[in-house]
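Examination of the molecular architecture
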Amino acid sequence: MSAMEIAALEKQILELRGQLNTLRRESEPVEVPDYEFRTCDGATSLSELFGDREQLLVIHNMGQGCRYCTLWADGFNGFVAHLESVLAVVLVSKDPPALQRQFANSRGWRFRLASHGGGAYLQEQSVIPGEGNMPGAVVYKKENGRICRANATTFGPGDLYCSMWGLLALAGMDESSWTPQYNYWQRPAALDDGGANVLG
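Residues numbered from 1 in each chain as written. Predicted model: local features only at pLDDT ≥ 70, side-chain atom pairs only at ≥ 80, totals over all residues. Heavy atoms only, no water.

Observations concerning unusual backbone geometry
- Phi angles above zero are rare outside glycine, and Asn144 is one such case at about 50 degrees.
- In this structure, Asn144 sits in the loop between strand S7 (136-143) and strand S8 (146-154).
- Overall, Asn144 belongs to the exposed group, its relative accessible area being 80%. (Helix = DSSP H or I, 4+ residues; strand = E, 2+ residues; numbered from the N terminus. Buried < 20%, exposed > 50% of the residue type's maximum accessible area, 1.4 Å probe, protein only.)

What to know about the packing of aromatic side chains
- Following the criterion strictly, the structure yields 13 aromatic pairs and no others.
- Relative to Tyr140, the ring of Tyr121 has its centre 6.4 Å away and its plane inclined at 55 degrees; by these criteria the two rings are tilted. On the criterion of sequence distance, the pair formed by Tyr121 in helix H6 (residues 120-125) and Tyr140 in strand S7 is long-range, its members being 19 residues apart. Comparing Tyr121 with Tyr140, the two get one shared label, buried.
- For the pair Phe155 and Tyr161, a centre-to-centre distance of 5.4 Å together with 45 degrees between the ring planes defines the contact as tilted.
- Given the relative accessible area of 33%, Tyr161 is considered partly exposed.
- What links up through ring pairs into an aromatic cluster is the set Tyr68, Trp72, Phe76, Phe155, Tyr161, Trp165 and Trp178. (Phe/Tyr/Trp six-rings, centres within 6.5 Å; stacked < 30°, edge-to-face > 60°.)

Considerations on the pairing of strand S6 (residues 112-115)
- Where strand S5 (residues 88-93) meets S6, 4 bridges bridge the pair, whose relative direction is parallel. Bridge assignment links Val90 to a residue of S6, and that residue is Arg112.
- In this region the chain leaves S5, passes through helix H5 (residues 97-107) and returns to the parallel neighbour S6; the handedness of that crossover is right-handed. (Pairing = 2+ DSSP bridges. Right-handed = clockwise from strand over helix to strand, strands pointing away.)

A look at the layout of surface pockets
- One number sums up the size of the largest pocket: a volume of about 870 Å³.
- If you go around the largest pocket, you meet 22 residues; those closest to its centre are Arg24, Leu57, Val139, Thr153 and Tyr161.
- Listed by contribution, the elements that provide at least two residues to the lining of the largest pocket are helix H1 (3-26), strand S4 (55-60), S7 and S8.
- The element that contributes the greatest number of residues to the lining of the largest pocket is H1, accounting for 5 residues.
- Its residues placed into classes, the lining of the largest pocket shows 14 nonpolar, 4 polar and 4 charged.
- Here the second largest pocket is characterised by a volume of approximately 300 Å³.
- Lining the second largest pocket are 14 residues, with Glu10, Leu160, Trp165, Gly166 and Ala169 sitting closest to its centre.
- When contributions to the lining of the second largest pocket are tallied by element, the ones reaching two or more residues are H1 and helix H7 (163-170). (1 Å grid on protein atoms, 1.4 Å probe; cavity = no way out; pocket = protein on both sides within 12 Å on 5 of 7 lines; lining within 4 Å. Points joined across faces, edges and corners; volume = space filled by probe spheres on them. Nonpolar A, V, L, I, M, F, W, Y, C, P; charged D, E, K, R; others polar.)

See the structure below:
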């Protein structure tokens, strides 16, 4: 495929994304219950997660046991301040609050965190209906005192939400040739401290 053909296809994809975004703006929000969550500060509700905002972005993370979810959150972390300038943002998972905070701290994440514990919220608000603990995001809106689900999307290898895939594609790689890891430390051939009790 020539550079011109690639550029033409990129333009077509951009136009299709524009059409998709138009459909999302025009989609009819659906009212949802005021679900309960747990945080390190105690119980909270979906309505409270809005703070003083009219829209709430809820990032669905499968938990600290998923390397892919960790990759997405690592990437979104750089956008937190930008996102919070226009809407509330929270990352939710099934993990208990203390584990969420411990893992978030180890990654340097700046997200607000809440645990659904795998309960009603996850069962009824999954990004893929009926699929349970799937990675993705949901946007909720406040409308006339109601909480409404506006739009949702799934995350997965090769998607548009993790810039890693697009950059790998420029190098001719994809999800079949690369898997994210929690860290990329490689043991040197020789350790100056003798190498006792090294993990990894």
